[in-house]
Amino acid sequence: MIHSLFIINNTGDVFMEKHWRSVINKSICDYFFEAQSKATNPEDIPPILSTPHHYLINIYRNNLHFVAVVTTEVPPLFVLEFLHRVCDIFEDYFGDCNESTLKEHYVIVFELLDEMLDNGFPLAMEINVLKELIKPPNFLRTITDTVTGKSTSVGATLPTGQLSNIPWRRTGVKYTNNEAYFDVIEEIDAIIDKNGTTVIAEIQGYIDCLIKLSGMPDLTLTFINPRLLDDVSFHPCVRFKRWESEKILSFVPPDGHFRLMSYHIGSNNMVAIPLYVKHNISFREGSSGRFDVTVCPKQTMGKSVENVVVEVPFPKAVLNVTLTPSQGKYSFDPVSKMMTWEVGKIDTSKLPNIKGSISLQTGAGIPESNPAITVMFSISQMAVSGLKVNRLDMYGEKYKPFKGVKYLTRAGKFQIRT
Amino acid sequence: MSGNGFQQSYANEKPPSSTGSAEADINTDPASSGFFTTDFKKHEDLKQMLDSNKDALKLEAMKRVVGMVAKGKDASELFPAVVKNVVSKNLEIKKLVYVYLTRYAEEQQDLALLSISTFQRALKDPNQLIRASALRVLSSVRVIVIAPIMMLAIKEAVMDMSPYVRKTAAHAIPKLYGLDPETKDQLIEVLERLLGDKTTLVAGSAIQAFEEICPERIDLIHKNYRKLCNLLVDVEEWGQVVIINTLTRYARTQFINPNSGEMAEEEERPFYESSGKEDEGEEEEEGKGEGDQETKKAPYIMDPDHRLLLRQAKPLLNSRNSAVVMAVAQLYHHCAPKAEVGTVAKSLIRLLRSHQELQYVVLSNVATMTTKRKGMFEPYLKSFYVRSSDPLHIKLLKLEILTNLATETNISTILREFQTYVTSSDKDFAAATIQAIGRCASTISEVTDTCLNGLVHLMSNRDEAVVAESVVVIKKLLQMRPSEHKAIICHMARMVDKITVPMARASILWLIGEYSERVPKIAPDVLRKLAKSFVNEEDIVKLQVLNLATKLCITNPKQCKLLCQYVLSLAKYDQNYDIRDRSRFLRQMVLPGDNGCVFSKYAKKIFLAPKPAPVLASKFKDRDHFQLGTLSHVLNMRTTGYQELPEWPEEAPDTAVRNVELPPIWEDKPTKPSKTGAKKKHDLKSFYSESESSEEDDSSEDDSSEDDDDEEKGSGDSDAESGSSKAAKSSEEESEEEEEDSSEEEEEEEEDSSEVDSEVEIAVARKKDTKKEVAGKAAKGGTKAAKASADLLLDLDDFGSMDTSGTSSAAVTPGNLLTPTAALDLGPSPGGGDSKPAASSAVLSINVTPKSYDLLHRISGNGLSITYKFTRTISVFSPNMASIELTLTNNSEGPLNNIKLGDIKVQPGMEVQPFPEIATLAVNATTSVLMGVNFNDTTQPASLEVCAGEQKFKVNISASVGELLQPHTMSEGDFANQQKKLGGMNENSATIAVDDESGTDRAICTSVLTAGNLLQVPSSDEKVFKFAAKTLASGTLVLVSVKVTDKKARVTVNSDKMVIGTMLLKDIQKVMEKK
């Protein structure tokens, strides 16, 4: 299966390598660098490369390239999913997964990689199991270790999770404050036409949890309107049969942060679009152009739209822009030609507007199409699909936990064609 | 040790004294560093730290060493210093040493051998994590010398109590195979056992090992097929992926094509026009649900096992792991009836929201699926709309899919969408869009004109790439229907002046040449212009100019002959030899010299032959032959190790190969009400949850590990139950022959069956007296009986072959062989037993209830009483052990806690596998546990100590010689041969008086079988009864024959082990005389 892994930073430095089978020289990465040099930006590197004897499967995350080497047929999604899971685990361990954190905790990183795969096949990928095998770094412990000269970062016994039929939960969890928080997050993916009509709008929803409950709690989460959810994927802890028959989420949760479920509400349903953008972008002969954009709230259900950011990738022919926003700040990157306008909160009485002139490179000709505008925003305390949690019950433990549910709607890939 | 410290040590693995990093980077050549360079002392301080006796220093040094390993720097010269620390007590040091060892052992084989004994010791450690990690490292060191040691370790680990260790063993199998491919046969044997493992933890890894060492041995899956299907949901997600992939291949070899009825129809239908009707049909069928379709298509009936796989895989579409979803999708694509494939579309669409790398793979698979089944994705058309922020490769894939999905009904929306793409600032994407428009135009005739107009419009685009691409596409379109488009050809001819992109120019020239008759005035003029600029043209254009000149010369020699001659002469002196060659060749054709060329007569036919229009088809159409979701598919090339997906067989192979015999369930645990109940239900239920001997193993292990989560279990049960009841239903649906099988199963303990409501039917059948059963079956008669017996014969054949292979004989439980099933195999008559009086070679079916012995009396045990009996099944712990069932009863006042085995004192060579600890035994409760003892073929007792809480009781278990045997199948001929060999000293015999009652066939057989765990061998002589067995530990053959002559029975025992022979004879004598 997975033969080796190379972690490469943005400057092309292979700063970590791990081999689960025999050693493969890091010169194999040259094939990757070749593909990298062909691509205009890191996202454009094909995820799967073929070399004479090996296949390179790579992902790009947090400015790092994770390049897995395989030698034989293997489902590519298997490897890609694994690489992303590795990143997720690093993020969970170190708070972030970038070059400096990985270098700082290289011993743990290496031990983790060693534990995750055996002979290239996943052995332990559950974060709760891993955390028992290899303790995450912790400031307090580092101090005691230094003082006492003992290291306790390696567990001595097999985590019970590995053998039980609920590998995601460890036993003997104890908290003084028992809490369970649920975040219902919905992202709107939309393409809006030049005329303001919606070409496509979909909702991608997640329920992320932070569970700090002692013992072995068995939770059930019910929704007021579960019919909304027809395309869902679950964390393995959710009992699928219960969901199919009763539309309740019944599960023994992992300890800590995890994504309980994600759901997709397709374009067949009506999706309320919370804002629209009035735009007037024109290029004129004679190396100049006009730019005038106004952001207006639309169906916000009485909630305010916050953290609005408007991004405009201008065509290459644009030299510079001179704009005046009515609120917020804007910046223009002359290399990538990206204009970013941080609007902030939309005040319904005074609609945010930005206008000004565009200067084109001389002799470059007029761009034939206007750039597509990407908008980001968030609306708290609202799930745009209308999904609502009804109640959360706990069985199997005696104490009363503190429960909380938070809703958030934000823009996913929200694009306006102009 | 602060964070900075770590970083520092990662950055400078080398002490500051080192000069430059160049040498360290050359890690390919181990000799390059250390010996010949000046800084051979550079790791001196690390060595000192490793040699110190302070753990903290060692750990610090190891961390730095691992830092070097992680960075890919050469640290091999530290090997001797590091390997010493393999014995360290500190776990983290140990772990890091392991990491280092696996990296460098291959390079320093001799030194690596020093560490092996440490691992061997660790393999026996009571801590399963340590056993497992020792096995991991041992199997990872890649030193060929230790291959035999690895083999032994693996063989041992496969039998380990802990499923985690067994999982590690599964991983070790391909490692050893990679190191020494010669071990393959041995490994397959080991693997066979692992495949039979019933724990979810092991299943995935075992299948992965199977895929790596012997994917061609599909027969190994048969017995495990139903188990794998049923476990699928509970296996960890990575295992699910490999299991589904293997089962897909399995399904393609073992079942028949569910779409066979429609195949012809499907293929005849033109590819692009099919969708409309097909969709409606598909939607309707989907609505009706799965059940209907079997009835609807009368000639095809899906194998219940095929259905089982599809049904068990379906919930996995909701997995969070995209690889699992994709695996299920490809299973449905390749193996499901057409009407059901649509269900996977929604889940695949959901994956499109994940990381862009995953999107890329999913989209390329969807692209292939859309070439075959466009109706499936049509409702999700909009999900494939391109966003300007997508990376190029994703844009292109989406475009491909949109084009594949285009139909008359949706073409207008798609074209509108395409229009916005054409103006994209990404020129590659715009060009691809134009090609896509061309494909839509060529396949959907309604829009051809609209598309053509649009494309012509694009020719006046400012961007040259766009223009060029449209010209090329128009050329292709016109070629399909040239007659109607004179205007466009004229228009294009005029554009020659403006367009500079060579490909576009060449296309226009070709078009004019081909259709010069339609533009007779313009064509010569175009040639004239190009003759002028010939020298400055690109090669590809020059070739087309030559073509144009030739064609015009043929059609319009009056105006063009001279021009043609001129162009050909120019080409004759061109720098490019292709062009020179072409010129020479054409000249012979159109301007034949004095001697004339034969071909010139046919010039018109050659050059102006009608040419077929190009077919604009999806690039993904040819990927169809690769299995979806594979690396080969994404790369569109065969990768190493790719397994071709086999074609469906014409006729389904025998389905009975998947039938599995149930072993008797000796183990009964009333203390674990719900979970075990559910589990048992599952087992009883049958064919699905097959059980090899590892059955008890599994449940006992599960229990021990789950003791802590009892609470959880209670709630989890509802799931398990609903699941199993569903399975129950389906098992009832199964064909009759299988029901018959089940009724022949060994009688179960009655408590079990009474627990199971849904199972009443089968349970009743099972409770029937064996006799009745046989008689009933004989009554059924006819083809069915014949069929059943055929199936059974096959089954038993399997057993036979397994038996000969030694260890795998574990699959045969003696219970099974005593039942009529065995009789059926060994004798030709399907009836067997009593229904066939005086059947010459028939074998009697006799059930012997194992005798219970007191192990601990309740008085001497302070209330705890223990009895034991030999189950006469193959022990789950080791084939060399006798399986012993202990029944513990608490007769005391209070509950007893932590009952387990303490000290074990046995003779050398003997082994005891203790039973799992019993946490509590309530007052008056009774529980049964299994343990195994390898008596090493002696009747010496094993002295054990039973601990209950603080109390300890000494007990002895001894086995009569009959219990040291295991049944052995052999034919009558073999029996005679073996008996001949074992004459003389090895033979013991005695004559016993028998009366009418004890002289019956049945009584004699019962006596012998009570005395020893033997198996009756068919005999041609009515009055001679033959029995065979092997001893458990050494596998020595033991043969017993009883010859009855009026009132006397002569018992002969032949065995290599004389002691055993004598003792067995005495035992038989005793039993017979008692009667």
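Conventions used here
- Residues numbered from 1 in each chain as written.
- Chains lettered and ligands numbered in written order.
- Predicted model: local features only at pLDDT ≥ 70, side-chain atom pairs only at ≥ 80, totals over all residues.
- Heavy atoms only, no water.
- UniProt positions renumbered as here; feature names shortened; annotations may be inferred.
- Helix = DSSP H or I, 4+ residues; strand = E, 2+ residues; numbered from the N terminus.
- Buried < 20%, exposed > 50% of the residue type's maximum accessible area, 1.4 Å probe, protein only.
- Contact = heavy atoms within 4.5 Å.
- Areas by Shrake-Rupley, 256 points an atom, 1.4 Å probe, with all protein chains shown as cover.
- Patch = residues over 30% accessible without salt bridge, like charges linked within 9 Å, V, L, I, M, F, W, Y side chains within 5 Å.
- Salt bridge = Lys/Arg side-chain N within 4 Å of Asp/Glu carboxyl O.
- Phe/Tyr/Trp six-rings, centres within 6.5 Å; stacked < 30°, edge-to-face > 60°.
- Lys NZ or Arg CZ within 6 Å of the ring centre and 35° of its normal.
- Axes fitted to C-alpha atoms, helices over the stretch in contact; angles between N-to-C directions.
- Parallel < 35°, antiparallel > 145°, perpendicular 65-115°, else oblique.
- Left-handed = near helix turned anticlockwise from the far one by under 90°.
- Nonpolar A, V, L, I, M, F, W, Y, C, P; charged D, E, K, R; others polar.
- Pairing = 2+ DSSP bridges.
- 1 Å grid on protein atoms, 1.4 Å probe; cavity = no way out; pocket = protein on both sides within 12 Å on 5 of 7 lines; lining within 4 Å.
- Points joined across faces, edges and corners; volume = space filled by probe spheres on them.

- Per an unreviewed UniProt entry, the recorded name for chain B is AP-3 complex subunit beta, and the organism is Littorina saxatilis.
- Here chain B is described in UniProt, under the heading Sequence similarities (unreviewed entry), as follows: "Belongs to the adaptor complexes large subunit family."

- Taking an unreviewed UniProt entry as the reference, chain A is identified by name as MHD domain-containing protein belonging to Littorina saxatilis.
- Turning to chain A, the UniProt annotation filed under Sequence similarities (unreviewed entry) states: "Belongs to the adaptor complexes medium subunit family."

1. Describing the overall build of chain A
Consideration 1: The secondary structure content of chain A amounts to 8 helices and 23 strands.
Consideration 2: Taken over 418 residues, chain A has a buried fraction of 58%.
Consideration 3: In chain A, of all internal contacts separated by at least 6 residues, the share reaching a separation of at least 24 is 68%.
Consideration 4: Summing over all exposed atoms, chain A offers an accessible surface of approximately 16,500 Å²; the carbon and sulfur share of this is 51%.

2. Focus on a nonpolar patch on the surface
Consideration 1: There is a patch of nonpolar side chains on the surface, built from B:Val598, B:Phe599, B:Tyr602 and B:Ile606 and spanning about 410 Å² of accessible area.
Consideration 2: Along the chain, B:Val598 falls in the loop between helix H34 (577-590) and helix H35 (603-607).

3. Examining the packing of aromatic side chains
Consideration 1: Applying the stated criterion to the full structure yields 27 aromatic pairs over all chains.
Consideration 2: Seen from their ring centres, A:Phe234 and A:Trp243 are 5.5 Å apart, and the 70 degrees between their planes marks the pair as edge-to-face.
Consideration 3: With relative accessibility at 3%, the residue A:Trp243 sits in the buried group.
Consideration 4: Here B:Tyr98 and B:Phe119 contribute two aromatic rings whose centre-to-centre distance is 5.4 Å and whose plane-to-plane angle is 65 degrees, an arrangement assigned as edge-to-face. Note that B:Tyr98 is positioned in helix H6 (residues 91-104) and B:Phe119 in helix H7 (residues 109-122), a separation of 21 residues in sequence. Just as B:Tyr98 is buried, B:Phe119 falls in that class too.
Consideration 5: Here the aromatic residues A:Trp20, A:Phe78, A:Phe82, A:Phe121 and B:Trp238 are joined through ring pairs into a cluster of three or more.
Consideration 6: The positively charged end of A:Lys388 is found above the aromatic ring belonging to A:Tyr407, 6.0 Å away from the centroid.

4. Topic: the packing of helix H8 (residues 128-140) of chain B against helix H9 (residues 147-158) of chain B
All names here are of chain B.
Consideration 1: Here H8 crosses H9 at 150 degrees, and the two axes come no closer than 10 Å. Overall, the two elements H8 and H9 adopt an arrangement that is roughly antiparallel. Seen from above, H8 lies across H9 with left-handed handedness. Contacts from Leu135, Leu138 and Ser139 of H8 reach H9 at Ile149, Met150, Ala153, Ile154 and Ala157.
Consideration 2: Taken together, the residues of the contact of H8 with H9 break down into 7 nonpolar, 1 polar and no charged.

5. Some points on the pattern of salt bridges
Consideration 1: Applying the stated criterion to the full structure yields 54 salt bridges over all chains.
Consideration 2: The shortest N-O distance in the salt bridge between B:Lys346 and A:Asp230 comes to 3.7 Å. Here the residue B:Lys346 occupies a position in helix H22 (residues 343-351), and A:Asp230 occupies one in the loop between strand E10 (218-223) and strand E11 (232-234), the pair thus bridging two chains.
Consideration 3: Since its relative accessible area comes to 28%, B:Lys346 is described here as partly exposed.
Consideration 4: Here A:Asp230 falls in the partly exposed class, since its relative accessible area comes to 48%.

6. Some details on helix H29 (residues 486-495) of chain B
Consideration 1: When H29(B) is considered as a whole, its buried residues turn out to be B:Ile488, B:Ile489, B:Cys490, B:Met492, B:Ala493 and B:Met495.
Consideration 2: Where H29(B) is buried, its residues contact helix H27 (448-458), helix H28 (464-480), helix H30 (502-514) and helix H31 (522-533) of chain B.

7. Brief notes about the sheet that holds strand E15 (residues 288-297) of chain A
Backbone hydrogen bonds are what pair the strands of a sheet, in a parallel or an antiparallel way.
Residue and element names in this part refer to chain A.
Consideration 1: A sheet is described by the order of its strands in space; here 4 strands give the open sequence E14-E15-E20-E17, paired in antiparallel fashion. Both edges of this open sheet fall to strand E14 (275-284) and strand E17 (318-325), since each of them pairs with a single strand only. Strand-to-strand twist in this sheet, taken as the mean axis angle between neighbours without regard to direction, amounts to 15 degrees.
Consideration 2: As paired strands, E14 and E15 are joined by 10 bridges and run antiparallel to one another. Within E15, the position partnered with Ile281 by the bridge is Phe291.

8. A few points about unusual backbone geometry
Residue and element names in this part refer to chain A.
Consideration 1: Of note, Asn63 is a non-glycine position whose phi angle comes to about 65 degrees, a positive value.
Consideration 2: Residue position: Asn63 is located in the loop between strand E4 (55-61) and strand E5 (64-70).
Consideration 3: Asn63 gets classed as partly exposed once you look at its relative accessible area, which sits at 45%.
Consideration 4: Despite not being glycine, Gln381 shows a phi value in the positive range, around 60 degrees.
Consideration 5: Topologically, Gln381 is positioned in the loop between strand E21 (373-380) and strand E22 (389-395).

9. Side note on empty space enclosed by the protein
Consideration 1: In total, this model carries 15 cavities of 30 Å³ or more according to the counting rule given.
Consideration 2: Empty space within the largest cavity amounts to approximately 460 Å³.
Consideration 3: Lining the largest cavity are 30 residues, and of these A:Asp114, B:Tyr98, B:Val99, B:Arg136 and B:Val137 lie nearest its centre.
Consideration 4: Of all elements in the fold, only strand E2 (14-19), helix H4 (106-116) and strand E6 (117-118) of chain A together with H6 and H8 of chain B reach the threshold of two or more residues within the lining of the largest cavity.
Consideration 5: Partitioning the lining of the largest cavity into residue classes produces 13 nonpolar, 6 polar and 11 charged.
Consideration 6: Empty space within the second largest cavity amounts to approximately 160 Å³.
Consideration 7: Along the wall of the second largest cavity there are 15 residues; nearest its centre are A:Glu202, B:Leu352, B:Ser383, B:Arg387 and B:Lys398.
Consideration 8: Only strand E8 (179-192) and strand E9 (198-212) of chain A provide two or more residues apiece to the lining of the second largest cavity.
Consideration 9: In terms of residue class, the lining of the second largest cavity is made up of 5 nonpolar, 3 polar and 7 charged.

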